[in-house]
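Examination of the molecular architecture
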Amino acid sequence: MDKHKGYDRAYQESMNDPEAFWLDAATSVEWDVPPARAWTEGAGWFAGAMLNTCHNAVDRHVAAGNGARAAVIYESPVTGQARTYSYVELRDQVAVTAGMLAKLGVVKGDRVVIYMPMIPETLFAMLACARLGAIHSVVFGGFAAPELAKRIDDAQPKVVLTASCGIEGQKVLPYKPLVDHALEIAGHKVDHVILWQRPQAQAELIAPRDLDWAEQVAVAEPAGCVPVAATDPLYILYTSGTTGTPKGVVRDNGGHAVALCWSMANIYGAKPGEVFWAASDVGWVVGHSYIVYAPLLAGCTTVLFEGKPVGTPDAGTFWRTIAAHDVDIFFTAPTAIRAIRKEDPEGRFISEIGTGKLRAMFLAGERADPETIHWAEDQLDMPVIDHWWQTELGWAGLATCFGLGDTRRKAGSAGFPVPGYRFEILDENGHSVPNGQSGSVTVKLPLAPGNYASLWNNPAGYAKAFETFEGYYETGDAGHIDADGFVNIMGRTDDIINVAGHRLSTGQMEQIVATHPAVAEGAVIGVDDVLKGMIPMAFVVLKAGQSGHAAMEKEIVALVRDELGPVAALKQVHVVDALPKTRSGKILRATLRKIANGEDVATPPTIENPDVLRQIRELFPVAA
Ligand code: COA
Ligand code: AMP
């Protein structure tokens, strides 16, 4: 009982008097105009207050005398580089990057798209936008040109920031042809592309649109921090919805800064000056929140790692980085641990290298299977904490609040509601279900600070998340609360899947598959995968008269890769005679998924064409 007293107290305070709780949390932020209120219905969190997120993440630490402290450790096994930036150096880099953007006409409220690899300039760029009050939209490097184009068309940026290449393991991936192609197909025209040339690949610049980043920054004047309203957008981050159109999650400045500062101390237990490493990518929400903003807002040192858990150069790279840089708290995706375990099941690297000062490892992004948790705890001999969140929320809604002294964990569960969040599991009629029973995972309104308050250009899409259950946010996940109060997330209720911790939409893949001229119809489902958690798999029916199935399967794989990007990881396409359907014509995706997972599934009574299952069952023998 004692062990979670701190958590219980904080949770109760956040529920009983959220105003006092969040106004108190807001004192960890420096405001230009301090908040008089925490939540205002219709106006948002800390409405009326003003601040600058970059000032809070960078300049204020210098002003407080901590300028010599390490702010960013860039560790790049793929290039053999490592470099540390102090807070003073970070401030100077960010200020001139902001100056460069300001000179090109970027002002408060303008959008800037950032399509960059995991290099320090990406952080400088994000923080430079925040400094000016401009709104950045970072696009993950694993997306193809059409996806980048969609985001450019929606966000309408003045400027695109990019680099000459990304590096994926041994592969150097030139970015410029992709950016050029995206700008060709996008309807929106940008003023400039600013490109950081990396020695691994030189990109050709097209005058007068394209500018060399290093040349521009060399002549830029440092720019100061522009105060913005707490409710003004800090960034747009596009994430997969259920359709082919990505949802532009808008994050505000004030609620975000307060929530992230609170989370560093109370969820992760990280103190100013400590080293925090989130092994993710800045293109995902985990990267935005816990590579860039949260560690810096809290005055910690953040690690920017350009590499993979395995192959750069081996399965010891995480532990080597942790030991070399005295990492205190580590955060990664279960997939990364599964990849390490596959290569080093005995944990030889861990015994050889050790884990230095590491106190805890946090996992998120997909369900952490108990086997992975147990393996990691045995190997690391420290708490391995699963916690749950979403791009929409921006920080964890379920966790074991390690920073509040809570150590309760149960493998397979994502922990307890974080202070500020009231979770309810609802049945299809919107009634709360008893503990132990599964239902839709919802959060009672208002959402917590830092959670999304809108979708860019898409009020109807935003409203949809609140329509099914009045007064609640529908997370899209299914789960249950057990007798001890642990919340278990079991999967999605829609067609979103998490592949290696990357959020993707099977609906979107289906739309792409359907554009292949030989395809009559198709279904894409997520099937279990021992490494990536889930992988997409397509079933297609060809138009009459089409032959050459093997070639067609390859073409469809290539099509999804070209349209969505390599990150889609669609590698398996099965040409079938027909798709199983109900009498009303609905594709029986759940049945397909179970068969593909090797389950011994009964033929559903609603099926119109039971014979087609025979062919599909033959493809996937029932697991012993
Ligand atoms: N830029 C360009 N391409 C990228 C990319 C990026 N940033 N990220 C991934 N890709 C490519 C990969 O190179 C791969 O291409 P390929 O088909 O040509 O091999 C493809 O997209 C699929 O990538 P991925 O699913 O990541 O598989 P992988 O085999 O390259 O790596 C893991 C497997 C487990 C090592 C890797 O997925 C991993 O580290 N996962 C952790 C995920 C994570 O941190 N998620 C963040 C959420 S917390
Ligand atoms: P993303 O928006 O990319 O962070 O993906 C959010 C989705 O990932 C959630 O809605 C869940 O389906 C899944 N997810 C994230 N973290 C966890 C977790 N710890 N356990 C189970 N599912 C998770």
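Anything mentioned here points back to the structure above.
Residues numbered from 1 in each chain as written. Chains lettered and ligands numbered in written order. Predicted model: local features only at pLDDT ≥ 70, side-chain atom pairs only at ≥ 80, totals over all residues. Heavy atoms only, no water.

**Examining the site of ligand 2**
- Taken together, the neighbourhood of ligand 2 is formed by 15 residues, with Asp386, His387, Thr391, Arg492 and Arg503 sitting nearest.
- Between a nitrogen atom of ligand 2 and a side-chain N or O atom of Asp386, the distance comes to 2.8 Å.
- Here an oxygen atom of ligand 2 and a side-chain polar atom of Arg503 are 2.7 Å apart.
- Contact with the protein chains hides 94% of the accessible area of ligand 2, taken as 490 Å² for the molecule alone.
- For the shell around ligand 2, the class distribution of residues is four nonpolar, five polar and six charged. (Near = heavy atom within 4 Å. Polar contact = N/O pair within 3.5 Å; in protein donor to acceptor, adjacent residues only side chain to side chain. Areas by Shrake-Rupley, 256 points an atom, 1.4 Å probe, with all protein chains shown as cover. Nonpolar A, V, L, I, M, F, W, Y, C, P; charged D, E, K, R; others polar.)

**Some remarks on helix 19 (residues 612-619)**
- Considered for burial, the residues of helix 19 that qualify are Val612, Leu613 and Ile616. Considered in projection along helix 19, the buried side chains sweep an arc of 90° and stay on one side of the axis. Pointing more than 90 degrees away from the buried face of helix 19 are the exposed residues Arg614 and Glu618.
- Looking at the packing, one finds that the buried side of helix 19 touches strand 31 (533-542) and helix 18 (589-596). (Buried < 20%, exposed > 50% of the residue type's maximum accessible area, 1.4 Å probe, protein only. Helix = DSSP H or I, 4+ residues; strand = E, 2+ residues; numbered from the N terminus. Arc of directions from axis to C-beta. Contact = heavy atoms within 4.5 Å.)

**So, the packing of aromatic side chains**
- Evaluation of the coordinates by the stated rule reveals 43 aromatic pairs.
- On the numbers, 5.7 Å between centres and 75° between planes, the contact of Trp388 with Phe423 is edge-to-face. Residue Trp388 is located in the loop between strand 20 (384-386) and strand 21 (398-399), and its partner Phe423 is located in strand 23 (residues 423-426); the two are separated by 35 residues in the primary sequence. Here the two residues Trp388 and Phe423 agree in accessibility, since each one is buried.
- Ring centres 4.9 Å apart and planes at 55° place the aromatic pair Tyr462 and Phe466 in the tilted group.
- The residue whose ring lies beneath Arg151 is Phe143, and the NZ or CZ to ring-centre distance is 4.5 Å.
- Cation over ring: Lys444 sits above Tyr472, and NZ or CZ is 5.5 Å from the ring centre. (Phe/Tyr/Trp six-rings, centres within 6.5 Å; stacked < 30°, edge-to-face > 60°. Lys NZ or Arg CZ within 6 Å of the ring centre and 35° of its normal.)

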